[in-house]
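Observations on chain architecture
Okay, here's what each chain looks like letter by letter:
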Amino acid sequence: MKKVVKFGGSSLAGAKQFEKAGEIICSDKDRRYVIPSAPGKRDDKDNKVTDLLYKAYALAEEDKDFSEVFSEIEERYNSIIMGLGLEIRLDKEFSEIKENFKNKKGRDYAASRGEYLNGMLLADYLKFTFVDAAEVIFFTEEGVFDSQKTYKVMHDRLENIEYAVVPGFYGSNPDGSIRTFSRGGSDVTGSIVARSVKADVYENWTDVSGFFVADPRIIVDPENIEMITYTELRELAYMGASVLHEDAIFPVRREGIPINIRNTNKPEDKGSWIVQSTGQKSRFTITGIAGKKGFCSVNIEKDKMNSEVGFGRKVLQAFEDNEISFEHMPSGIDTMTIIVHQDEFIEKEQSVVSEINRLTHPDSIDIEADLALIAVVGRGMKSSKGTSGRIFSALAHANVNVKMIDQGSSELNIIIGVKNEDFENAIRAIYNIFVVAQL
Ligand code: ASP
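Residues numbered from 1 in each chain as written. Predicted model: local features only at pLDDT ≥ 70, side-chain atom pairs only at ≥ 80, totals over all residues. Heavy atoms only, no water.

1. Considerations on the overall build of the chain
Counting its secondary structure elements, the chain contains 14 helices and 16 strands. The principal-axis extents of the C-alpha atoms in the chain amount to approximately 80 × 50 × 40 Å. Expressed as a percentage of the 439 residues in the chain, the buried residues total 52%. By sequence separation, contacts in the chain at least 24 residues apart represent 74% of the contacts at least 6 residues apart. Taking the 55 positively charged and 70 negatively charged side chains of the chain as two groups, their mean positions are separated by 4 Å. (Helix = DSSP H or I, 4+ residues; strand = E, 2+ residues; numbered from the N terminus. Buried < 20%, exposed > 50% of the residue type's maximum accessible area, 1.4 Å probe, protein only. Contact = heavy atoms within 4.5 Å. Lys, Arg positive; Asp, Glu negative; His and termini not counted. Charge placed at Lys NZ, Arg CZ, Asp CG, Glu CD.)

2. Comments concerning helix α3 (residues 67-84)
In this model α3 runs 26 Å from its N-terminal to its C-terminal C-alpha over 18 residues, within 8% of the 26 Å that 1.5 Å per residue would give. Restricting attention to buried positions, one finds in α3 the residues Val-69, Phe-70, Ile-73, Glu-74, Arg-76, Tyr-77, Ile-80, Ile-81 and Leu-84. On an axial view of α3, the arc spanned by its buried residues comes to 145°, and they lie on one face. Summarising the geometry of α3, the exposed residues directed more than 90 degrees from the buried face are Glu-68 and Met-82. (Expected span 1.5 Å × (residues − 1). Arc of directions from axis to C-beta.)

3. Some details on empty space enclosed by the protein
Counted according to the given criterion, the structure contains one cavity of 30 Å³ or more. Around the largest cavity, the lining residues are Phe-211, Leu-233, Arg-234, Ala-237, Ala-241, Ser-242, Val-243, Leu-244, His-245, Glu-246 and Ile-249. For the lining of the largest cavity, the element with the highest residue contribution is helix α8 (residues 230-238), accounting for three residues. By residue class, the composition of the lining of the largest cavity is seven nonpolar, two polar and two charged. (1 Å grid on protein atoms, 1.4 Å probe; cavity = no way out; pocket = protein on both sides within 12 Å on 5 of 7 lines; lining within 4 Å. Points joined across faces, edges and corners; volume = space filled by probe spheres on them. Nonpolar A, V, L, I, M, F, W, Y, C, P; charged D, E, K, R; others polar.)

4. Some remarks on the site of the ligand
Neighbouring the ligand are the residues Ser-37, Thr-50, Glu-115, Phe-169, Arg-183, Gly-184, Gly-185 and Ser-186. Interatomic distance of 2.8 Å between a side-chain N/O atom of Glu-115 and a nitrogen atom of the ligand. The fraction of the free accessible surface of the ligand (260 Å²) that becomes covered by protein chains is 90%. Here the ligand is seated within the largest pocket. Class assignment of the residues belonging to the shell around the ligand gives a composition of one nonpolar, five polar and two charged. (Near = heavy atom within 4 Å. Polar contact = N/O pair within 3.5 Å; in protein donor to acceptor, adjacent residues only side chain to side chain. Areas by Shrake-Rupley, 256 points an atom, 1.4 Å probe, with all protein chains shown as cover. Sits in = over half its atoms within 2 Å of the grid points.)

5. Considerations on the side chain of Asn-173
Residue placement: Asn-173 occurs in the loop between β5 (170-172) and β6 (178-180). In this structure, Asn-173 is in contact with Phe-139, Thr-140, Ile-178 and Arg-179, ignoring residues within four places of it in sequence.

6. Focus: the sheet that holds strand β4 (residues 164-165)
As summarised here, the arrangement of the eight strands in space is β3-β4-β2-β1-β7-β9-β10-β8, forming an open sheet in which the pairing is mixed. The open sheet has two edge strands, β3 (129-130) and β8 (227-229), and neither has a second partner. (Pairing = 2+ DSSP bridges.)

7. Considering the layout of surface pockets
If you roll a probe as big as a water molecule over the atoms, it shows you where there is empty space left. Its boundaries defined by the atoms lining it, the largest pocket holds a volume of some 1100 Å³. Together, 49 residues line the largest pocket, and Thr-206, Asp-207, Ser-242, Val-243 and Leu-244 are the ones closest to its centre. Listed by contribution, the elements that provide at least two residues to the lining of the largest pocket are α2 (49-61), α7 (186-196), β7 (201-206), α8, β11 (288-301) and α14 (423-434). For the lining of the largest pocket, the leading source of residues is β11, giving five residues. Its residues assigned to classes, the lining of the second largest pocket shows six nonpolar, five polar and five charged.

8. Looking at the pairing of strand β2 (residues 31-36)
With six of its six residues buried, β2 lies for the most part within the structure. Strand direction decides the pairing type here: strand β1 (residues 3-7) and β2, joined by five bridges, are parallel. Within β2, the position partnered with Val-5 by the bridge is Val-34. A crossover links β1 with its parallel partner β2, the connecting element being helix α1 (residues 15-26), and its sense is right-handed. Bridging between β2 and β4 involves two bridges; their strand directions are parallel. (Right-handed = clockwise from strand over helix to strand, strands pointing away.)

9. Some details on helix α6 (residues 147-159)
Relative to the 18 Å expected for 13 residues at 1.5 Å per residue, α6 spans 17 Å between its end C-alpha atoms, a close match to the ideal helical length. Within α6, the full set of buried residues consists of Thr-150, Tyr-151, Met-154 and Leu-158. Taken around the axis of α6, the buried residues stretch over an arc of 95°, which confines them to a single face. Facing away from the buried side of α6 by more than 90 degrees, the exposed set consists of Gln-148, Lys-152 and Glu-159.

Written out as structure tokens, the structure is:
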């Protein structure tokens, strides 16, 4: 067995967390490739090293003194070194990085040093080989991840190394300069390493025991999702559920490598499994609920719209010309509704409306703002009857007015539109009917 394990910032925030991670890694000899993030927050008032690096570099770019912020960064690493009683010293690296900051080596270079230094410490602590991500992860001239080159070079490099640490979050451009993924990108690095070495599993260690069925800020102590498919996760993540970087599933998905989300502070918890497909029934009819506020609906009415060839295309043309993407498009015989993000739409509202008028001559256009969308997602819905009926009776009982319904053709999700102010209530009602009632 070959396991790739990624540890997030909070899992490596200080010496104590390093010890926990070390214990987890050493308790299983299959945990061979380790991807660290930069040290995260030790408590609510603390700073993430990555944020400090961005801050220091912003000062350096303006030729301002960044030494105070930089000493805070040095202090974070030195306290890990002292706390673990390591012999390694990073003074040479610190001076080199400071010099490079003064020479304005780039914002991405600056941010990447958080993972780079943490990787050095972790490799030293575990007695694993340190492999600089800049030598095995590549981007193209256009700044796009170069998968072909990366998988080949990484595979060849790691093939002969039994135990290695590869820092997360960055790689290199064709000219050798450093480029990072977007924030939270160490998840992506972990997935790329897992794919390159054809791992049996990609373990992603963080500070929660996996995914919750619903947002814990709305539902107190929600149930955990034991198993979720990549597709279900995409639906939930799109609607705001976040534990994993959204690009992290693509490299492993192609190879069918499962991801196991685990909790560094509770290693005995099984966490959540993200898999390609499964015959295992989910515990509840639904796998998860997620949602977002801040949508607008544009309702267009015109008699005999249904028989007018090209009507829909013209309406969508008005949105496209104004560079607005739409989320959903429920329609009736003489009505059509386009759901869009409010903040994107609001400033172009009048321009869109006048173009719809010009292109389609509708009877009326009516805009409703402050809507929320809720996605009820679950592979189990396909084979169970009455799911939507139960959702709507639960919402009716909770006194929530349903503004829109859209069931995806895969029968994997049902999207419900409600007023922003009904959002939390609606989620509680759906959670209660599918989860609490089934416990
Ligand atoms: N350290 C980087 C960040 O804070 C990347 C990561 O942690 O995955 O975004």
